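Examination of the molecular architecture
Next come the chains, spelled out residue by residue.
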Amino acid sequence: MTKSKLVDIPEEMLAEIDLDLQNVFRETLEASIINYFYKVFNGANWKSHQDYETAKAKVKPLVDGVINKILEKQNEQS
């Protein structure tokens, strides 16, 4: 094995490690976001929850956005 090929091996390994780390980071970030949204939506669901208004304020723009997209698609199909 030549010296130049030996230099390429760590670079190839780093590229694979970077890809693995990106996948792990993405999965971790996705889980964190899903858990956050679960807590916010769950808080908005229970009116007796003391943070209901705060949760509702956070969820409302998301819900409005989904409703607007649905209505836009219906208008396009009409």
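Parameters and conventions
- Throughout, residues of each chain are indexed from 1 in the direction in which the sequence is written.
- Where totals are concerned, whole chains, interfaces and linings use all residues; where local detail is concerned, this predicted model gives features only for residues with pLDDT of at least 70, and gives and counts side-chain atom pairs only at 80 or more.
- The side-chain quantities take in all heavy atoms of the structure and omit both hydrogens and water.
- By the criteria applied, helices consist of DSSP H or I runs no shorter than four residues and strands consist of E runs no shorter than two, each listed in order from the N terminus.
- Here's how the labels work: a residue is buried when its accessible area is under 20% of the maximum for its type, exposed when over 50%, partly exposed in between, all with a 1.4 Å probe on protein chains only.
- Aromatic rings from Phe, Tyr and Trp, with only the six-membered ring used for Trp, were paired whenever their centres fell within 6.5 Å, and each pair was classed as stacked if the ring planes differed by under 30 degrees, edge-to-face if by over 60, and tilted otherwise.
- When a carboxyl oxygen of Asp or Glu is within 4 Å of a side-chain nitrogen of Lys or Arg, the pair counts as a salt bridge.
- Only residues above 30% relative accessible area that lack a salt bridge enter a patch, with like-charged residues linked at up to 9 Å and the nonpolar side chains Val, Leu, Ile, Met, Phe, Trp and Tyr linked at up to 5 Å.
- Accessibility throughout is a Shrake-Rupley quantity obtained with a 1.4 Å probe, and a residue counts as covered only by protein chains that appear here.
- Counting rule for charge: Lys and Arg are taken as positive, Asp and Glu as negative, and neither His nor the chain ends is counted.
- Just so you know, the charge point we use is NZ for Lys, CZ for Arg, CG for Asp and CD for Glu.
- Expected helix span is taken as 1.5 Å per residue step, with the number of steps being one fewer than the number of residues.
- Bending is quantified residue by residue as the angle between axes fitted to the seven-residue window ending at that residue and the seven-residue window starting at it.

In terms of regular secondary structure, the chain is built from two helices and zero strands. Within the chain, buried positions represent 8% of all 78 residues.

Going through the model one piece at a time under the given rule, you end up with one aromatic pair. Measuring from ring centre to ring centre gives 5.8 Å for Y36 and F37, while their planes differ by 55°; the resulting arrangement is tilted. Of the residues examined, Y36 reaches a relative accessible area of 41% and is grouped as partly exposed.

Within the fold, Y52 resides in helix α2 (residues 52-77). Under the relative-accessibility criterion, Y52 is labelled buried at 14%. With eleven residues separating them in the primary sequence, Y52 and F41 have C-alpha atoms 9.5 Å apart.

Inspection of every chain in the model, using the stated rule, returns one salt bridge. Between K60 and D64 there is a salt bridge; the shortest N-O distance is 3.1 Å. One end of the pair is K60 and the other is D64, both in helix α2 and four residues apart, which spans about a single turn.

Our focus in this paragraph is a negative patch on the surface. The grouping of D8, E11, E12, E16 and D20 at the surface amounts to a negative patch. On the secondary structure map, D20 appears in helix α1 (residues 3-45). Under the relative-accessibility criterion, D20 is labelled partly exposed at 47%.

To continue, consider α2. When the terminal C-alpha atoms of α2 are compared, their 36 Å separation across 26 residues agrees well with the 38 Å that a helix rising 1.5 Å per residue should span. When the local axis directions of α2 are compared, the greatest deviation, roughly 30°, occurs at V59, which is followed within four positions by the proline P61.

Next up on the list: a nonpolar patch on the surface. A surface patch of nonpolar side chains, amounting to about 870 Å² of accessible area, comprises F25, L29, I33, Y36, F37, F41, L62, V63, I67 and L71. Among the elements of the structure, α1 and α2 are those that each provide at least two residues to the nonpolar patch. No other element matches α1, which puts six residues into the nonpolar patch. Topologically, F37 is positioned in helix α1.

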